[in-house]
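Remarks on the overall topology
What follows is each chain in one-letter form.
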Amino acid sequence: MPELQLKSWRFRAEREQDWRRLETLLNKAETQGVERLKRDELLELPLLYRQALSSLSVARSISLDQSLTTYLETLCTRAYFFVYGARARWPQRIARFFVRDWPASIQALWRETVVSFLLMAVGTITAYVLVRRDADWFFSFVDPELASGRDPMATTASLRESLYAKPDAADGLGVFATFLFTHNAQVALFAFALGFLLCLPTAALMLMTGGMIGAFVALFAARGLIVEEIGWLMIHGTTELFAIVIAGAAGFSIGWAVAFPGARSRVDAAAEAGRRAATAMAGVVCMLAVAGLLEGFARQLIVNDIARYGIASVMLAGWLAYFYWPRAKVPA
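Calculation notes
- Residues numbered from 1 in each chain as written.
- Predicted model: local features only at pLDDT ≥ 70, side-chain atom pairs only at ≥ 80, totals over all residues.
- Heavy atoms only, no water.
- Axes fitted to C-alpha atoms, helices over the stretch in contact; angles between N-to-C directions.
- Helix = DSSP H or I, 4+ residues; strand = E, 2+ residues; numbered from the N terminus.
- Parallel < 35°, antiparallel > 145°, perpendicular 65-115°, else oblique.
- Contact = heavy atoms within 4.5 Å.
- Nonpolar A, V, L, I, M, F, W, Y, C, P; charged D, E, K, R; others polar.
- Buried < 20%, exposed > 50% of the residue type's maximum accessible area, 1.4 Å probe, protein only.
- Salt bridge = Lys/Arg side-chain N within 4 Å of Asp/Glu carboxyl O.
- pLDDT = per-residue confidence, 0-100.
- Patch = residues over 30% accessible without salt bridge, like charges linked within 9 Å, V, L, I, M, F, W, Y side chains within 5 Å.
- Areas by Shrake-Rupley, 256 points an atom, 1.4 Å probe, with all protein chains shown as cover.

With that settled, consider the packing of helix 12 (residues 266–301) against helix 13 (residues 305–324). Running from N to C, helix 12 and helix 13 cross one another at 170 degrees; their axes reach a closest spacing of 13 Å. Between helix 12 and helix 13, the angle falls in the class roughly antiparallel. Only Arg-308, Ile-311, Met-315, Trp-319 and Phe-323 of helix 13 make contact with helix 12, whose side of the interface consists of Met-287, Val-290, Leu-294 and Arg-299. The residue makeup of the contact of helix 12 with helix 13, split by class, is 7 nonpolar, no polar and 2 charged.

If you trace the backbone, Met-281 turns up in helix 12. Between the alpha carbons of Met-281 and Ala-250 there is a distance of 7.2 Å; along the sequence they are 31 residues apart. If we skip the residues at most four places from it in the chain, Met-281 touches Ala-188, Leu-189, Phe-192, Ala-247 and Ala-250.

Here the focus is the side chain of Ser-55. The topology assignment puts Ser-55 in helix 2 (residues 39–61). Residue Ser-55 is classed as buried on the basis of its relative accessible area of 5%. Residue contacts for Ser-55: discarding those within four places in its chain leaves Phe-11, Arg-15, Trp-19 and Leu-72.

Let us look at the pattern of salt bridges. By the definition in use, this model includes 9 salt bridges. Here Glu-14 and Arg-15 are joined by a salt bridge, their closest N and O atoms 3.2 Å apart. Take Glu-14: its relative accessible area is 60%, and that puts it in the exposed class. For Arg-15, a relative accessible area of 28% translates into the label partly exposed. Arg-96 is the partner of Asp-101 in a salt bridge, and the nearest nitrogen-oxygen pair spans 3.8 Å. We classify Arg-96 as partly exposed; its relative accessible area is 27%. Residues joined in a network through salt bridges with shared partners are Arg-21, Lys-28, Glu-41 and Glu-44.

Let's shift gears to unusual backbone geometry. Phi at Leu-198 takes a positive value of approximately 55 degrees, unusual for a residue other than glycine. Mapped onto the fold, Leu-198 is located in the loop between helix 9 (171–193) and helix 10 (200–222). Accessibility expressed as a relative area gives 48% for Leu-198, which makes it partly exposed. Phi is positive for Cys-199, close to 75 degrees, though the residue is something other than glycine. Position of Cys-199 relative to the elements: it lies in the loop between helix 9 and helix 10.

Residues at a pLDDT of 70 or more form 89% of the protein, whose mean pLDDT is 85. Mean pLDDT per element in the protein: helix 9 is the minimum at 69, and helix 5 (residues 110–133) is the maximum at 97.

This paragraph deals with a nonpolar patch on the surface. Together, Trp-110, Val-114, Phe-117, Leu-118, Leu-316, Leu-320 and Tyr-324 make up an exposed nonpolar region whose accessible area comes to about 640 Å². Take the nonpolar patch: its biggest share by element is 4 residues, from helix 5. On the basis of relative accessible area, Val-114 is assigned to the partly exposed category, the value being 41%.

Written out as structure tokens, the structure is:
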């Protein structure tokens, strides 16, 4: 037997029992759940993991056969994710996301959220003032395709009808709702994805979104329909626009980390901000889905102004309470 094969055989014979024991515990934990492990087994796992790491180090240093090294690498990787990684099953992970991770990420972005909201408000006020003074400004803020006939050339009657059209006669409104939802979803994703460019594209998107809102509000206000139009918009807008504001905040956090990394490298700072922002954006997708349901159904089925304002207020209060209400810390 060649010397290298003899070394490999002796090395395996002396340590294989511990490897097999670690593999057995990992199989049990992965197939039956962590709760099925006994206390002694839980205490045994880290010791066996360190022994397997030591064996892997020796196997690499003396160049033992590749199959043995590959086996140990796989075993150590499995053990690492169990010892140091997330041990919860996917229902527990989902529950932890909604109970702890998502609200915590939003709370951590509160400064960026304020900035994002203020920029959108500036855009809204600016567009409202300009369109009220001169209706020709409307198309500077709203694409004609997005307006879908709701522009300064439309009659007051047609604008009112668009707010209260019944579902069976609201094909145009349905197309507009779908287009608006797609548009806002794209804005949210771009606001997040382009944040690394020193926040500038994100800031522009917040201003543009606010400008579109302000232009529409000014148009309906000029026809004496401002109360009705805001109710029509806010029944889903308190959720959808809140989601866009959060997406903007996520983008700002990354851009700020890139511009001002502090003692860290720009890559490390951006990576840390990106992990927090990605958690927030996962929740934004959920908010946009809720907004889509409100936009596609509630806004068209509910034509009472008081009911629309009531739903909008409840949704906004619910999101604010969910994100910012003080809560007990949940163990990791």
